[in-house]
Structure formats: structure tokens, C-alpha cells
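Topology and contacts: notes
One letter stands for each residue in the lines below.
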Amino acid sequence: MTVIAALQGETSGDHFLIAPHDGRVFPGVLALSTDRATTVTLRSVPDGRIVLSPTTCDLGTDPTDVTVHATGPSQSRGDTTIEIVEGGDVVATLELTCIEEPVVHFRGRFEARFATDSAPYNDNPAYTSDPDQDQDVAVASGWTWVLEGEPPFVPATGNVPKRIEMPVGREIRFNDPVALRPRVEPVVTLVDRVSGRTAAGEESFTAGDPLIGEPVDVGPHTYFAGNRGRNPADPRTEESYQPMREVLALFELHLGTRFSGGSAVGPFTHMATSVNERTRTPDSRPHTVEFTSGTDELVQFGLPPDVASVSDARIDALLGDYAAATPGTTERRNLHRRICHLLATVSDGKQAAVLAAAQPGEFDIRAGTIPQGWTGKQVFRGKVDADLHVTPDGSGVVAYLAGFGSFTVELHMFGFHSDELCAHHIGSLRPDSA
């Protein structure tokens with residue numbers, strides 16, 4: 001007889017349950033099926049670590065659901081076993097770990113389309129179909145640009161955050177990017193693991209709860225609120241920050257459709273009188289707490305630790321596309337522009353080779369991405385403590401989150417390249433009283 005046992009939908013790999021908290025238990029579903037009809041009994045080893053209901057089941061080819069919950073944390077990983085017994089014989093087992101204080105972790109790539117220092121924060125340096133105007137964009141302030149046919153970074157009007165509640169464009173996108181450029185990797189962010197404590201220490205799980213694998217998004221208007229480089233014709237912004245000191249304005253966090261919330265922000269009282277002044281009380285929005293090396297995170301993502309290696313590989317791919325593109329088309333003009341910008345950050349050997357192989361005057365060197373944007377890591381920390389909506393829908397992890405009213409969110413952002421207008425990030429959400 002073959003018994004198929006799936007805890008929270010997982011038939012293999014690590015399994016976990018969440019230990020009780022504040023008198024609440026967090027049940028999971030154990031689905032059992034067999035290739036022939038039989039009656040089995042269920043027991044846990046060690047006895048009492050988990051509770052199973054029912055403990056006797058008539059099984060067949062259609063799954064039978066058993067409710068299971070932990071009574072306390074494990075001493076170590078995988079130290080709890082569910083035994084499925086038929087006629088005194090153990091015919092199947094399932095190992096699991098009971099954890100306390102679960103933390104949700106997520107990671108991926110994000111899109112950030114915004115003007116960069118030293119351009120005005122609401123600038124739209126944009127290429128057009130007229131190549132005679134290219135030089136105007138190439139020498140414009142900042143080191144990002146809008147390619148021909150792409151939407152602007154900010155709307156034509158309503159792009160000055162006179163109050164921090166205003167949506168002004170410059171959105172950060174963890175999924176569903178707009179105008180993703182050719183040869184740029186997908187922009188996707190997912191819950192990648194859940195960690196929790198046993199008596200022996202912290203353990204992480206990449207499967208075992210339906211929340212894992214769900215998309216993670218920020219709010220539809222969340223943006224980096226530097227607001228520096230004001231156009232003299234524009235009104236003042238309520239707040240502004242030095243580079244690498246920004247807050248994430250209009251911040252929200254969404255874990256699939258099971259969890260969402262924003263950061264508490266108090267009413268308007270005054271305009272900032274100095275840079276880096278936070279004008280609201282309370283103000284739970286994520287703010288920069290550190291800017292440091294992102295080398296370890298780049299290694300985790302399997303990315304080169306230097307921007308020249310990234311630019312070298314990208315320019316080789318774009319040169320092939322450029323040679324195959326039809327002259328006079330938008331595609332070819334945009335490829336030409338991207339190659340010119342990449343020439344600023346490729347290795348010296350690559351730059352010399354590309355310029356030597358090109359027709360005289362075919363390419364010029366334009367502003368490139370700043371190396372610190374690739375190698376540096378900006379760490380944001382704040383709260384999700386407003387407008388909470390929690391729907392567990394079968395997730396023990398989200399059922400646990402439902403018992404809290406405030407969470408700490410931390411985001412490590414790194415690996416930004418202006419040819420992509422995309423970067424990488426690793427984040428976590430932790431209940432505050434855990």
C-alpha cells in the first residue's frame with residue numbers, strides 16, 4: 001500500500017507548524033490518500049508535541065483531511081514525526097518542525113524609474129525620434145533617462161509632493177514593471193522563506209505554508225522620497241533628504257492577497273525647515289538606516305560584484321541586437337543610446353574594443369550608471385502599522401500575523417543599474433512583539 005501524506009499541500013521536503021502564541025493555536029491540514037481503501041491510525045512522536053484530529057481515518061484514493069496543530073516548539077529541526085499506522089505497522093511517516101515567532105522573508109528584483117542626482121527630482125530626460133536632440137539628453141543632469149517610446153518618470157503635472165500624501169509618480173514596482181527594456185531580466189518579488197525559532201536556534205523553510213511563493217508588492221504609489229534638486233519654478237516640497245538618506249513615501253506592503261498594510265503617518269503640521277527633517281508624528285515609514293557594501297547580497301543573487309562585468313555582458317548582447325536591427329527604427333536608435341551610456345561603465349578593454357570596431361563617430365560615451373548604485377546596499381527600516389488587512393485563507397503563518405497590530409519591515413536594496421532602471425532587494429516582515 002502507498003500512502004500519500006501532504007502537510008499544507010507539501011508532500012516532500014521540510015514541513016513546519018507554528019507553536020501556540022497567547023493561547024492561540026495555528027492548525028495545518030494533513031491530507032492523506034492511498035492506492036487502496038484502508039483504515040489507519042495517526043500518532044505523533046514524541047507523544048503530545050502535536051495534536052491530530054481525527055486520529056483514526058478511513059482512507060482511499062481521494063484525500064482525507066486531518067487537522068494538526070503544535071503544542072509547543074521543537075527542540076531541534078525535524079524532531080517531530082507523524083506516524084501513519086495500519087494494523088500495528090507504520091506504513092508512512094512525515095517529519096516536521098514546530099517553530100515559534102515566525103518571520104516572513106522575501107526577495108527579488110524591483111523597478112525604479114526616477115531622475116537621479118544631480119537632476120531635479122521631477123525631471124524627465126527623454127530621448128525623442130530626432131537623433132539631433134540626443135546630445136541634449138546625453139549631457140543632461142543625472143544618470144538616468146527615458147528611452148524613445150517609454151512613459152515619463154513622473155506625470156506632466158502633479159509631480160511635486162507639497163504634502164507627503166500626494167502620489168507623484170516615480171513608483172517602485174516589485175512586480176509588473178512598465179516599459180521593461182529588452183535584455184533586462186524579469187521583475188518579480190516573492191515570499192521565498194519563513195524562519196522561526198526552535199530550542200536549538202533559528203531555522204528557515206522554503207516550503208510548508210501557502211504564503212511561501214506568493215507575490216510581494218509595495219503600494220501603487222510608493223517611491224523614494226529624496227525630493228532634492230528642486231526646480232526654482234516649483235513650489236516647495238514638505239520634506240527632502242540627502243542621497244542615501246531617503247524615506248519610502250506612501251509605503252504599503254502586500255503579501256499576495258493574504259496580508260496588507262501601510263505605515264502610520266500623522267497629520268500635517270509644518271513644512272520641513274531643513275534637509276532630512278521628518279515633519280510628521282507619528283511617522284512609521286521605512287527610512288534609511290545604513291548605506292554599506294552590498295557584496296554579500298550580490299553573491300547571494302549570483303551577480304558580479306563589480307559594475308564593469310555587468311556592463312560588459314550587457315553591451316555585448318546589445319551590440320548584437322544593434323547589428324541586426326533595421327536602420328532608422330526606434331529599436332535601433334534606442335539600442336544605440338543604451339550602448340553609448342554603457343560605454344561609460346564597461347571595462348577599459350571593452351570600451352577600447354567597441355570604439356575601435358565601430359564606424360568612426362558611430363558611438364560616443366555618455367553618462368553611465370554610478371558604481372555605488374550597483375555595489376552599495378541601502379537599508380530601510382520602518383513599520384507596517386496602519387490599515388491592516390489579514391486573511392489567512394489556510395496559511396498558518398498569516399493566521400499568526402493576524403494576532404499583531406504592528407510589524408517591523410526591513411529592506412536591503414542593492415544592484416541598481418541605469419540601463420535597466422531596476423535593482424535587487426531582500427526584505428523581511430517581523431511582528432513587533434515577537
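Coordinates for the structure precede this section.
Residues numbered from 1 in each chain as written. Predicted model: local features only at pLDDT ≥ 70, side-chain atom pairs only at ≥ 80, totals over all residues. Heavy atoms only, no water.

What follows concerns the overall build of the protein chain. Across its full length, the protein chain holds 7 helices and 23 strands. With respect to the principal axes defined by its C-alpha atoms, the protein chain has extents near 85 × 55 × 35 Å. Here the protein chain, with 434 residues, has 50% of them falling under the buried criterion. Surface summary for the protein chain: the accessible area is close to 18,200 Å², and the carbon and sulfur share equals 50%. Taking the average place of the 35 positive charges on the side chains of the protein chain and the average place of its 59 negative ones, the gap between the two points comes to 6 Å. (Helix = DSSP H or I, 4+ residues; strand = E, 2+ residues; numbered from the N terminus. Buried < 20%, exposed > 50% of the residue type's maximum accessible area, 1.4 Å probe, protein only. Areas by Shrake-Rupley, 256 points an atom, 1.4 Å probe, with all protein chains shown as cover. Lys, Arg positive; Asp, Glu negative; His and termini not counted. Charge placed at Lys NZ, Arg CZ, Asp CG, Glu CD.)

What follows concerns the packing of aromatic side chains. A complete count under the given rule lists 13 aromatic pairs for this structure. Here W143 and F416 contribute two aromatic rings whose centre-to-centre distance is 5.9 Å and whose plane-to-plane angle is 70°, an arrangement assigned as edge-to-face. Here F416 lies in strand β22 (residues 407–417) and W143 lies in the loop between α1 (134–138) and β11 (172–173), a separation of 273 residues in the sequence. As far as burial versus exposure is concerned, W143 and F416 are alike and both buried. Here the aromatic rings of Y400 and F404 are separated by 5.0 Å at their centres, their planes lie at 50°, and the arrangement is tilted. Across this residue pair, the class does not change: Y400 and F404 are buried. Put simply, the rings of F110, F114, W143, F174, F224, F380 and F416 touch in pairs and so form one group of aromatic residues. Above the ring of F301, the side-chain terminus of R107 is found at 4.1 Å from the ring centroid. (Phe/Tyr/Trp six-rings, centres within 6.5 Å; stacked < 30°, edge-to-face > 60°. Lys NZ or Arg CZ within 6 Å of the ring centre and 35° of its normal.)

Our focus in this paragraph is the sheet that holds strand β18 (residues 259–262). Strand order in this open sheet of 4 strands is β14-β17-β18-β21, and the pairing throughout is antiparallel. Edge strands, defined here as strands with exactly one partner in the open sheet, are β14 (216–218) and β21 (386–390). In this sheet, neighbouring strand axes are inclined to one another by 5° on average, regardless of whether the strands run parallel or antiparallel. In the sheet, β14 pairs with strand β17 (residues 252–255) via 3 bridges, with the strands oriented antiparallel. The residue bridging D217 from the neighbouring strand is H254, located in β17. (Pairing = 2+ DSSP bridges. Axes fitted to C-alpha atoms, helices over the stretch in contact; angles between N-to-C directions.)

What follows covers the pattern of salt bridges. Taken as a whole and assessed by the stated rule, the structure comprises 31 salt bridges. The shortest N-O distance in the salt bridge between E148 and R333 comes to 2.7 Å. Linking E148 in the loop between α1 and β11 with R333 in helix α4 (residues 330–342), this pair joins segments that are 185 residues apart in sequence. An identical accessibility class is assigned to E148 and R333; each is buried. It is possible to trace a salt-bridge network through shared partners that takes in D134, E148, R333, R337, D364 and R366. (Salt bridge = Lys/Arg side-chain N within 4 Å of Asp/Glu carboxyl O.)

Contact geometry for helix α3 (residues 307–324) and α4: axes closest at 9 Å, N-to-C directions at 155°. In terms of orientation, α3 and α4 fall into the roughly antiparallel class. Crossing of α3 against α4: the hand is left-handed. Along its contact with α3, which presents S311, R314, I315, L318, L319, D321, Y322 and A323, the element α4 presents R332, L335, H336, R338, I339 and L342. Its residues assigned to classes, the contact of α3 with α4 comprises 8 nonpolar, 2 polar and 4 charged. (Parallel < 35°, antiparallel > 145°, perpendicular 65-115°, else oblique. Left-handed = near helix turned anticlockwise from the far one by under 90°. Contact = heavy atoms within 4.5 Å. Nonpolar A, V, L, I, M, F, W, Y, C, P; charged D, E, K, R; others polar.)

Looking now at the pairing of strand β5 (residues 38–45). Residues T38, V40, L42 and S44 of β5 are buried on one face, while the alternating residues T39, T41, R43 and V45, pointing to the opposite face, are not. As paired elements, β5 and strand β7 (residues 56–59) share 4 bridges and run antiparallel to each other. Note that in β7 the partner of V40 across the bridge is C57. By the bridge criterion, 5 bridges tie β5 to strand β9 (residues 80–86) in an arrangement that is antiparallel. By the bridge assignment, V45 is partnered in β9 with T81.

In this structure, F174, F224, L253, L255, L411 and L429 are the most contacted members of the largest nonpolar core, which totals 46 residues. Apart from residues no more than four positions distant in its own chain, F174 is found in contact with F106, R109, F110, V187, V188, T189, V216, D217, V218, L411, M413 and H425. With 21 residues, the next largest nonpolar core counts L42, L52, L59 and I82 among its residues. (Core = buried A, V, L, I, M, F, W, Y, C linked by side-chain atoms within 4.5 Å.)

Structurally, G396 can be placed in helix α7 (residues 396–401). If near-sequence neighbours (up to four positions away) are discounted, G396 is found in contact with Q8, I18, F26 and D209.

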